[in-house]
Amino acid sequence: MHLKPSERGNSRRTLVCKRRICTIGMQRTMHRKRCLYLMRSRLWFLVSLSLGAMPALAQGTASTPSIFAPESTPAHEIYGLSLFVLLITGTIFAVVAGLLAFVIVRYRARKSDEPHEPAQIYGSLQVELAWTIVPLLIVVVLFLTTARIIFAVEDAPKPESALDVTVVGHQFWWEFRYPKLGIVTANELHIPVSRRLDPEPTYLKLYSADVDHSFWVPQLAGKTDLIPNHPNEMWLDPLKTGLYLGQCAQFCGIEHAKMLIRVYVDTPRQFNEWVKNQQRPAVEDAAVADGRRIFETEACVNCHTIQGTSAHGTFGPDLTHLMSRATIAAGAADNTPENLRAWVYNPDTFKPGVMMPAMQLSKEDVDKVVVYLTTLH
Ligand code: HEC
Ligand SMILES: [Cu+2]
């Protein structure tokens, strides 16, 4: 069947439309309108989606863990390596794409050309050797440089002054234990700033209480998995104080995306003050005895520890110094009385599918418990 070019265009559009969206038998103009409408609404959807994401990105380094701003030796090493790999692969891309573009343009079929088959070439030892050996060499170079960085990071000698922290991954939160300091906390890791001349790195021993997790704070080090029954180790030595964000980098269940990490790199003074406060037993305030009694008589004690009370559970985060943390539920919400109330009333508000059940307390009891919790500095 022969169609004029204009008809051809239209009939093609009709075909696409029929398959994708339109009902049969519509007039062509209708098709075009519906198509435009659909395309426009899709475009708007994408635009509003990206606009919606803007504020999160615009909040800057505090909300966007960047792999391009390393602040600790392992992260610097990885960053350097990634630039090297990018340089090599970028060069390959430029050469291949450039040659391809050149050939497509320079040797395109022209109107004046006689229709004929291009010259056929079979086998060329030189060319085949070249495209086997050159990529092989490139891969060997990439492999060796990567191996060198891995071993340099893994075999770095551990100084006496290093701080030891045990990290336990849980669905869906992080437990941090400082065995030499007798501290147990959750989700927010405090470490001292390191110094170039007198390094004070932090060594993390990584365990898992359930499934695979992965500890990843991009600005401080590469990812390391927390594997059940297979302890791993990693270290950090940030030279700049501040807050570094990270997250679980291994899908570990329904709330994996809300398993965030906050690493506070403190000055030595801040760190010592934090340690002293964490080592104190829980605050006991007679004014909130009601809330404490409810906490101690509910199942809360089976899952949570509060030093100096009958609560010794380890299934959930240690709450002894709950109010020293800026967020709750592994960064899912700010640590405010309203959020605590919403959380204790029904944790699914922030994290659907979380491992803490809604305890079916009355609103008044929740209020009392939360008033108690807010005294735990
Ligand atoms: C079955 C065990 C279990 C019980 C019972 C339980 N919790 Fe939890 N709780 C958890 C787990 C697990 C988390 C961590 C959830 C997450 O972040 O994914 C948690 C988190 C919390 C947090 C946030 C802590 C933080 O630093 O992120 C608070 C506060 C809390 N629970 C209070 C309570 C109170 C109050 C009760 C009793 C009314 C209670 N929980 C009962 C398991 C439990
Ligand atoms: Cu996880």
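Here's a quick rundown of the structure.

1. What about the overall build of the chain?
Helix and strand counts for the chain come out as 9 helices and 12 strands. Across the 377 residues of the chain, 25% fall into the buried class. Taking as baseline every contact in the chain between residues at least 6 positions apart, the subset at least 24 positions apart corresponds to 63%.

2. Focus on the site of ligand 1
Around ligand 1 there are 33 residues in total, and C300, C303, G316, A329 and M356 lie nearest to it. For the shell around ligand 1, the elements supplying multiple residues, two or more each, are helix 7 (300–303), helix 8 (337–345) and helix 9 (363–373).

3. Quick notes on the nonpolar core
Counting residues in each nonpolar core, the largest one holds 53 residues, and the members touching the most others are V167, V263 and A330. In terms of residues, this core owes the most to one element, helix 9, which gives 5 residues.

4. Some words on the packing of helix 3 (residues 73–106) against helix 4 (residues 125–154)
Packing of helix 3 against helix 4 brings their axes to within 10 Å, and their N-to-C directions diverge by 175 degrees. As the angle between them shows, helix 3 and helix 4 are arranged roughly antiparallel. Between helix 3, through P74, E77, I78, L81, F84, V85 and I88, and helix 4, the contact on the second element is made entirely by I138, L142, T145, T146, I149, A152 and V153. Of the residues that constitute the contact of helix 3 with helix 4, the class distribution is 11 nonpolar, 2 polar and 1 charged.

5. Some details on the sheet that holds strand 3 (residues 183–186)
Strand order in the open sheet made by the 5 strands is 3-2-1-5-8, with mixed pairing throughout. The sheet is open, and its two edges are formed by strand 3 and strand 8 (232–236), each paired on a single side. Across the sheet, the mean angle separating the axes of adjacent strands is 25 degrees when strand polarity is ignored.

6. A short note on unusual backbone geometry
Residue F172 is reached from Q171 by a cis peptide bond, and omega for that bond is 5 degrees. With respect to the element layout, F172 can be found in the loop between strand 1 (163–170) and strand 2 (173–178). With phi around 60 degrees, A329 is a residue other than glycine that occupies positive phi space. Unlike most non-glycine residues, A330 shows phi in positive territory, near 55 degrees. Note on placement: A330 falls in the loop between strand 11 (327–328) and strand 12 (333–334).

Conventions adopted
Residues numbered from 1 in each chain as written. Chains lettered and ligands numbered in written order. Predicted model: local features only at pLDDT ≥ 70, side-chain atom pairs only at ≥ 80, totals over all residues. Helix = DSSP H or I, 4+ residues; strand = E, 2+ residues; numbered from the N terminus. Buried ≥ 20, exposed ≤ 12 C-beta atoms within 10 Å, placed from the backbone. Contact = placed C-beta atoms within 7 Å. Near = placed C-beta within 6 Å. Core = buried A, V, L, I, M, F, W, Y, C linked by C-beta atoms within 7 Å. Axes fitted to C-alpha atoms, helices over the stretch in contact; angles between N-to-C directions. Parallel < 35°, antiparallel > 145°, perpendicular 65-115°, else oblique. Nonpolar A, V, L, I, M, F, W, Y, C, P; charged D, E, K, R; others polar. Pairing = 2+ DSSP bridges.

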